[in-house]
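Here is what each chain is made of, one letter per residue.
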Amino acid sequence: MKYIFNPSYQSSEKLIRTCVANFDAAGKLFGDGQRNKIKLFDLADITINIKSFKIPNLINQVAYKYFRKSKARRSFEYAIRLIENGIGTPQPIAYAENFKFSGLEQSFYISEHLQSDLTFRELVLHPEYPDHENILRQFTKFTFDLHEKGIEFLDHSPGNTLIRKGIGNQYEFFLVDLNRMNFHGAMDFELRMRNFNRLTPKIEMLAVMSDAYAKLYHKNYDVVFAKMCFYTNDFQTKFHKKIVCKKKLLFWR
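Note that the structure is predicted; figures quoted are calculated from it, not measured.

Let's talk about the pairing of strand β4 (residues 46–52)
With five of seven residues buried, β4 lies mostly within the body of the structure. In the sheet, strand β3 (residues 37–43) pairs with β4 via seven bridges, with the strands oriented antiparallel. Looking across to β4, one finds that Leu43 is bridged to Ile46. Between the antiparallel neighbours β3 and β4 lie two residues, among them Ala44 with a positive phi of about 55°.

Section: the side chain of Ser52
Looking at the secondary structure, you find Ser52 in strand β4. The residues contacting Ser52, other than those within four sequence positions of it, are Phe23, Asn36, Lys37, Ser107 and Phe108.

Considering the environment of Ile163
Checked against the element boundaries, Ile163 lands in strand β9 (residues 161–165). In sequence terms Ile163 and Ile50 are 113 residues apart; their C-alpha atoms lie 20 Å from each other. Ignoring sequence-local partners within four residues, the contact set of Ile163 consists of Ser116, Asp117, Leu118, Thr119, Phe120, Leu123, Ile135, Tyr171, Glu172 and Phe173.

So, the sheet that holds strand β6 (residues 103–112)
The strand order across the open sheet formed by six strands is β1-β5-β6-β4-β3-β2, and the pairing between neighbours is antiparallel. Both outer strands of the open sheet, β1 (2–5) and β2 (28–30), are each paired with one neighbouring strand and no more. The sheet shows a mean angle of 25° between the axes of neighbouring strands, direction not considered. For β2 and β3, the ladder comprises three bridges, and the chain directions are antiparallel. Paired with Lys28 across the bridge in β3 is Leu40. Strands β1, β3, β4, β5 (92–100) and β6 of the sheet are contacted by helix α1 (residues 13–21), whose axis makes an angle of about 135° with β1. Relative to the sheet, helix α3 (residues 71–84) contacts β1, β5 and β6, its axis offset from that of β5 by approximately 160°.

Side note on unusual backbone geometry
In this structure, Asp177 is a non-glycine residue whose phi angle is positive, near 60°. Its location among the elements puts Asp177 in the loop between β10 (171–175) and β11 (181–183).

Section: the pattern of salt bridges
Tallied over the full model, the rule gives 15 salt bridges. The residue Glu133 makes a salt bridge to Arg137 at a minimum N-O spacing of 2.9 Å. Taken together, the residues Glu133 and Arg137, both in helix α5 (residues 132–148) and four residues apart, mark about one turn of the helix. Judged by its relative accessible area of 27%, Arg137 is partly exposed.

Some words on helix α2 (residues 58–66)
Inspection of α2 places Gln61, Ala63 and Tyr64 among the buried residues, and these make up the whole buried set. Looking straight down α2, one finds that the buried residues subtend no more than 165° of arc, so they occupy a single side. Residues Leu58, Ile59 and Tyr66 are exposed on α2 and point more than 90 degrees away from its buried face. Packed against the buried residues of α2 are α3, β5 and β6. Here α2 starts with a cap whose side-chain oxygen sits 3.2 Å from the backbone nitrogen of Ile59, and that cap is Asn57.

Some points on the nonpolar core
Ranked by size, the top nonpolar core spans 41 residues in total, and within it Phe120, Leu123, Leu175, Met181, Met193 and Met209 carry the most contacts. Those elements that provide at least two residues to this core are α3, α4 (120–125), α5, β8 (151–153), β10, α6 (189–194), α7 (203–217) and α8 (221–252). The contact partners of Met193, leaving out residues within four places of it in the chain, are Tyr213, Val224, Lys227, Met228 and Tyr231. Tyr3, Phe5, Tyr9 and Leu43 belong to the second-largest nonpolar core, a separate cluster that totals 16 residues.

Quick notes on the sheet that holds strand β7 (residues 118–119)
The strand order β7-β9-β10 describes an open sheet built from three strands, whose pairing is antiparallel. At either end of the open sheet lies a strand with only one pairing partner, and these are β7 and β10. Where β7 lies against β9, two bridges are found, and the strand directions are antiparallel. Along β9, the bridge assignment pairs Thr119 with Leu162. Here α5 sits on the sheet in contact with β9 and β10, set at roughly 50° to β10.

Parameters at a glance
- Residues numbered from 1 in each chain as written.
- Predicted model: local features only at pLDDT ≥ 70, side-chain atom pairs only at ≥ 80, totals over all residues.
- Heavy atoms only, no water.
- Buried < 20%, exposed > 50% of the residue type's maximum accessible area, 1.4 Å probe, protein only.
- Helix = DSSP H or I, 4+ residues; strand = E, 2+ residues; numbered from the N terminus.
- Pairing = 2+ DSSP bridges.
- Contact = heavy atoms within 4.5 Å.
- Axes fitted to C-alpha atoms, helices over the stretch in contact; angles between N-to-C directions.
- Salt bridge = Lys/Arg side-chain N within 4 Å of Asp/Glu carboxyl O.
- Arc of directions from axis to C-beta.
- Polar contact = N/O pair within 3.5 Å; in protein donor to acceptor, adjacent residues only side chain to side chain.
- Core = buried A, V, L, I, M, F, W, Y, C linked by side-chain atoms within 4.5 Å.

From the geometry alone we can't say anything about function, so treat these as descriptive.
As structure tokens, then:
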């Protein structure tokens, strides 16, 4: 197993290696573990979050060995890059990769576990959530700041932004599930609007985010709202078509 550590956590290397080695038998499962499995481990005065990525198929095993960075490595490197840009994400600790002759087999991303008050998903599911509009507007400002720094978070979806209440009516936002990102010199209007497409199908939420973004971007609200709705509807249509196709395939098996 090959490890790369954040220098700030080098003193805990032995303990972290032990946690990874005992991943299957120890730790507390976090989430459903259906795709990638996440477990929590106590490490001195902090809790660490170890994500074990699903073993890739044979083609991807070879690709991750010779042509592409693994999801674990990308998560680690992107987390460092986000923090350098002043964007919230749990502190990256290390990543580990186990290569065999055929290619990459196991990989792990290790970070500090961050306690949050909610995710963006709660805003979608519970329109009556306290301070809903204020949180939504601050989240839009957070996304605008990402775009201003040329960061396109490809998995900008409801479960991948952790939200923590700060002082007064202020909120902090932290990105997770980091392995798919693009970094641009600048992001044009179309790219910015498309980056909202996975977040919510609710028209009232799109209206609030469009209003907040239009003011920050100094663009007409109607133009922002129309484009945000267009990309959201396009995503929803494709998403539901995929579900129908999967159900048909399962029926004919």
